[in-house]
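Overview (structure and organization)
Listed here are the chains, written in short residue letters.
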2 protein chains.
Amino acid sequence: MEALADYFKVFSEPNRLAVLEALRDGPLNVTAVVDKTGLSQALVSKHLKLLMIAGVVHRRPEGSLVFYEVVDRSVFRLIAQAEKLLMASRRLQFEALAASL
Amino acid sequence: MEALADYFKVFSEPNRLAVLEALRDGPLNVTAVVDKTGLSQALVSKHLKLLMIAGVVHRRPEGSLVFYEVVDRSVFRLIAQAEKLLMASRRLQFEALAASL
DNA sequence: TCATGTCATAACGGCATCGTGATACTACAG
DNA sequence: CTGTAGTATCACGATGCCGTTATGACATGA
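Definitions and limits used
Residues numbered from 1 in each chain as written. Chains lettered and ligands numbered in written order. Predicted model: local features only at pLDDT ≥ 70, side-chain atom pairs only at ≥ 80, totals over all residues. Heavy atoms only, no water. Core = buried A, V, L, I, M, F, W, Y, C linked by side-chain atoms within 4.5 Å. Buried < 20%, exposed > 50% of the residue type's maximum accessible area, 1.4 Å probe, protein only. Contact = heavy atoms within 4.5 Å. Near = heavy atom within 4 Å. Polar contact = N/O pair within 3.5 Å; in protein donor to acceptor, adjacent residues only side chain to side chain. Helix = DSSP H or I, 4+ residues; strand = E, 2+ residues; numbered from the N terminus. Nonpolar A, V, L, I, M, F, W, Y, C, P; charged D, E, K, R; others polar.

1. Observations regarding the nonpolar core
Ranked by internal contacts, the top residues of the largest apolar core, which has 64 residues, are Phe11(A), Val56(A), Phe11(B) and Val56(B). Setting aside residues up to four positions removed in sequence, Val56(A) forms contacts with Tyr7(A), Val10(A), Phe11(A), Leu20(A), Leu51(A), Glu69(A), Val70(A), Val71(A), Asp72(A) and Val75(A).

Now the structure itself:
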């Protein structure tokens, strides 16, 4: 319901997905995510905070750096599943278009 | 990326999820969805249109009624997967809270 | 202590989307 | 043809979120 919709909302912004993608191969500190995504530092911090509140990533300060890490890698399975559905519906829409020509 | 985020956005509104849930047990016409969800007719029409553009539901006029139907029932698997992740992260956050007491 | 690099936050403007109320459109019954 | 039920759309106000700029807070090294 409400909470579930909020959870989906976490993945409903391109830049947030990009931040998440940057963390796919392991923990990174904020600056590394900034470099990897090309987003502004302030924006990356905001998105990381949101991802943390949602429980998707975990925060670990180390000296003057702060590392973020994906808590449960099965979020990537969720993303993959959504990608699959998206492509399937794209294909169906294309077929519908083709059938109407 | 962009398109994937938009796809997630489809599921990021409580009322849209409610409309989808109303269609879980089979096709319904608009009024039936309105009755089942308690939402206004205009709102239900809007959400159904969005769901159709996203390729999640299919529209089938029948006389003066218009039936909507979930195209690929595996969207419910996506939703279930998200629910699972949501509950897991809730549990972890609770454990972190408990550990800090 | 001071300078620097790293990260977080506040304030702001801009834009998208939500929900409502009113209205148009369509099919069908009378 | 007229009325009515079902559905779609428009215009609107309100709210929320995004991204930026600027600044604050913190740890480290000189």
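2. Side note on the protein's contact with DNA strand D
Looking at DNA strand D, there are 23 residues lining it, with Asn15(A), Arg16(A), Thr31(B), Arg59(B) and Tyr68(B) nearest. By atom count, sugar and phosphate contribute 64% of the portion of DNA strand D lying within 4 Å of the protein. One of the side-chain nitrogen or oxygen atoms of His47(A) is found 3.0 Å away from a phosphate oxygen of DNA strand D. Note that a phosphate oxygen of DNA strand D is positioned 2.9 Å from one of the side-chain N or O atoms of Ser45(B). Counting residues per element, the ones that place at least two in the surface near DNA strand D are α2 (14–22) and α4 (41–53) of chain A together with α3 (30–37), α4 (41–53) and β3 (65–70) of chain B. Per-element tally for the surface near DNA strand D: the top contributor is α4(B), with five residues. For the surface near DNA strand D, the per-class residue count stands at seven nonpolar, ten polar and six charged.

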